[in-house]
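Summary of structural features
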Amino acid sequence: MKLQIDGREVTVPKGTNLIEAGKKAGIFVPHFCYHPGLPVVGVCRICLCEIEGRPKLVAGCATPVEEGLKVITQSAKVREARKAVMEFLLIHHPLDCPQCDKGGECTLQDYTMLMGPSRSRFTFEKQTWPEEDVGGKLLLNKNRCILCLRCVNLCKFVAGEDEIAVLSRGEETYIGTVAGRKIQNEMAGNIADICPVGALTSKDFRFRSRPWELKPVASVCTLCSKGCNVTMGYHPRRNEVVRITARENMDVNEWWICDRGRGGFWGIHHPNRFTAPLRREGTAVSVTTWQAAMPAIVDALSGILAKHGAAAVGVVGSGELTNEECYLTRAIFRDGLGIANLDFPLRPQPPVIYPRFTIEGDKNPNTRGARAIGVAPGPGGLGLADMMRAAADGTIRALLFLRGGPLEQFGDPAVVAKALGNAALVVVIDNLPSPVSERAHWVLPGVSYAEREGTYTNSQGRVQRAAKVFTMRGDTREDWRILQDLGRSMGAWTHLDQAPEQIFRRLAADHPAFRGLDYTILGDRGAPLAAATADVAVG
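These lines cover the structure that appears in this document, whether it is placed above or below.

Quick notes on the rules
- Residues numbered from 1 in each chain as written.
- Predicted model: local features only at pLDDT ≥ 70, side-chain atom pairs only at ≥ 80, totals over all residues.
- Heavy atoms only, no water.
- Pairing = 2+ DSSP bridges.
- Helix = DSSP H or I, 4+ residues; strand = E, 2+ residues; numbered from the N terminus.
- Contact = heavy atoms within 4.5 Å.
- Axes fitted to C-alpha atoms, helices over the stretch in contact; angles between N-to-C directions.
- Parallel < 35°, antiparallel > 145°, perpendicular 65-115°, else oblique.
- Left-handed = near helix turned anticlockwise from the far one by under 90°.
- Nonpolar A, V, L, I, M, F, W, Y, C, P; charged D, E, K, R; others polar.
- 1 Å grid on protein atoms, 1.4 Å probe; cavity = no way out; pocket = protein on both sides within 12 Å on 5 of 7 lines; lining within 4 Å.
- Points joined across faces, edges and corners; volume = space filled by probe spheres on them.
- Phe/Tyr/Trp six-rings, centres within 6.5 Å; stacked < 30°, edge-to-face > 60°.
- Buried < 20%, exposed > 50% of the residue type's maximum accessible area, 1.4 Å probe, protein only.
- Lys NZ or Arg CZ within 6 Å of the ring centre and 35° of its normal.
- Core = buried A, V, L, I, M, F, W, Y, C linked by side-chain atoms within 4.5 Å.
- Arc of directions from axis to C-beta.

**Concerning the sheet that holds strand β2 (residues 8–11)**
The strand order across the open sheet built from five strands is β2-β1-β5-β3-β4, with neighbouring strands paired in mixed fashion. Only two strands of the sheet have a single neighbouring strand rather than two, namely β2 and β4 (58–59). Sheet analysis places strand β1 (residues 2–5) next to β2, joined by four bridges and oriented antiparallel. The residue of β2 that forms the bridge with Ile5 is Arg8. Contacts from helix α1 (residues 18–25) reach β1, β2, β3 (48–51), β4 and β5 (70–72) within the one sheet, and its direction differs from that of β2 by about 110°.

Following this line, the structure appears as structure tokens:
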């Protein structure tokens, strides 16, 4: 439908409201209660607009476009109405911007500076409530609430839960949890992102930093196979990730992430992180150097290959690795060294299904990518469970784990423990301790997903880039560098790629499912695997 907004002609689909039509025309219409991912409620009235020929102002969120409509968003009548709305909303709002955790990214603060009154005509005492822990990752400060209902609608519409409601009546109206129960749904953390006034703030981020101190970095959550798009809030001065928020991608997660992903930065800075290579001799564990560890591992592995053949080595890959690292895993161990015993563990979990969001039943962020690339047993090779049994029986003498974990993740715990105890060489690349790393002869300190660049293929076959956010202090190395060093030392990899983008080009050239893709095409939103080959490649 064709219409004019402030004299600018724009064409939008039927059913579009004035706020969205304004966006397309490059005209901003202020709004509090409206969110494109939630039902329209039309309660804040800050989006009032004038329509030529009509006597009354209309709410931009609740008014659909009509053919030939002439909308005015900047008339004196509109400005006066919005100013009155702002004065009304600020009647009980505290003047605590300097200490409010929302300061710097608060819509009410911005609009007050833009259009609100600089003084209030109301001199009576403001209503006040104490702060309240409402469950999940949220704290509620009712004093700041303007009753926009975004929190109510998010719980109801996205999570399907009536956990927050409008309570009481008239001037006493407030937002609260139903029957005083704590919020349970795992989508509630999104409220801290969309609350326009700092009434509901995140416990994790609260007072840890000011928003303007952070460098936002586009990334992908790696806690399940959904591949939600996120923004990592990196604090450069502290070299620390201090929060994760949702990043819009309508093909993956729309505007939302779950609370597991939102808290996914804690492991990055876990105090028990590996920061240097470790060597275990008997019960003694010592810190060593890359210069000592890599030649010793290469000598031991080469000796086993020469004496017992490739069938005496098992490589346990990981669905947590990037596509580039999965490609190196196959190219070096299976194609280069002829090790057919190659597999990776699945990590299932109960899926959580909300009306507008699903937490996937696969903890691996890249199961589909690993399968498409062929991180799987070669001809005559053993799968993971058989590999562990063979190592427990002494047939397999060397085990390389590209990620550790609990013993049951790799098979029968008793068998895996025996396998780790019997193998002459156990090497683990990981960033956190685990029962596997505790039994390994060598531990090489890899990095978390925030410390390396790469791509992941989600459960729907969409390949997405995750940027490197920061470099952790210590002697860690990106997993793709470790794999290249190991491959070159073993004579199974001749390239010396300096960035994952170069490795991805080789992957796209070698594997039909990735053909035609590169980092430019993937951009910030990703792209699907080649449709004609993806299903065949995944099997």
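**Remarks on the packing of helix α2 (residues 76–89) against helix α3 (residues 107–115)**
Interaxial distance between α2 and α3 falls to 10 Å at its minimum, and their mutual angle equals 135°. If you check the angle between α2 and α3, you find them oblique. Both α2 and α3 take part in a crossing whose hand is left-handed. Of the residues in α3, those in contact with Arg82, Lys83 and Met86 of α2 are Leu108, Tyr111, Thr112 and Met115. Residues that form the contact of α2 with α3 fall into these classes: four nonpolar, one polar and two charged.

**A look at empty space enclosed by the protein**
Counted under the stated rule, the structure contains one cavity of 30 Å³ or more. In this structure, the largest cavity spans a volume of roughly 80 Å³. Considered class by class, the residues forming the lining of the largest cavity number 13 nonpolar, no polar and one charged.

**Focus: the packing of aromatic side chains**
By the definition in use, this model includes 11 aromatic pairs. Taking the centre distance of 5.9 Å and the plane angle of 45° together, the rings of Trp129 and Tyr174 count as tilted. Residue Trp129 is located in the loop between α3 and β6 (132–135), and its partner Tyr174 is located in strand β9 (residues 174–177); the two are separated by 45 residues in the primary sequence. Judged by relative accessible area, Trp129 falls into the partly exposed class, the value being 24%. Residue class for Tyr174 comes out partly exposed when judged on its relative accessible area of 24%. Arranged with centres 4.6 Å apart and planes meeting at 35°, the rings of Phe265 and Trp266 form a pair that is tilted. On the basis of relative accessibility, which here comes to 44%, the residue Trp266 falls in the partly exposed class. Site record: aromatic cluster; members linked through ring pairs are Phe28, Phe32 and Tyr111. We note Lys226 situated over the ring of Phe357; from NZ or CZ to the ring centre the distance is 4.6 Å.

**Re unusual backbone geometry**
In the Ramachandran plot, Leu147 falls in the positive-phi region, its phi being about 60° despite a non-glycine side chain. Its place among the elements puts Leu147 in the loop between β7 (138–140) and α4 (150–158). Assessed through its relative accessible area of 28%, Leu147 is described here as partly exposed.

**A word on the sheet that holds strand β14 (residues 278–281)**
Ordered in space as β15-β14-β22-β21-β20-β16-β17, the seven strands form an open sheet in which the pairing is mixed. Looking at the sheet topology across the chains shown, the edges are occupied by β15 (284–287) and β17 (342–343). Across the sheet, helix α7 (residues 290–308) touches β16 (313–316), β20 (398–401), β21 (425–430) and β22 (442–445), and the angle it forms with β22 is around 130°.

**Some remarks on the side chain of Gln409**
With respect to the secondary-structure elements, Gln409 resides in the loop between β20 and α11 (413–422). The exposure class of Gln409 is buried, given its relative accessible area of 18%. Leave out the neighbours within four places in its chain, and Gln409 touches Pro345, Arg347, Leu384 and Gly404.

**Considerations on the nonpolar core**
Judged by nonpolar contacts, the single largest core of 53 residues is most densely connected at Leu301, Val313, Phe333, Leu400, Leu444, Phe504 and Phe514. With eight residues, α7 is the largest single contributor of residues to this core. Judged by nonpolar contacts, the second largest core, of 46 residues, contains Ile183, Leu200, Ile268 and Ala450.

**Quick look at helix α8 (residues 323–336)**
Counting buried residues along α8, 11 of its 14 residues qualify, which places the element largely inside the surrounding structure. Listed as buried for α8 are Asn323, Glu324, Glu325, Cys326, Tyr327, Leu328, Thr329, Ala331, Ile332, Phe333 and Arg334. Following α8 by one or two positions, Gly338 adopts a phi angle in the positive range, close to 70°.

**Considering helix α13 (residues 500–510)**
Burial in α13 covers these residues: Pro500, Ile503, Phe504, Leu507 and Ala508. Looking straight down α13, one finds that the buried residues subtend no more than 140° of arc, so they occupy a single side.

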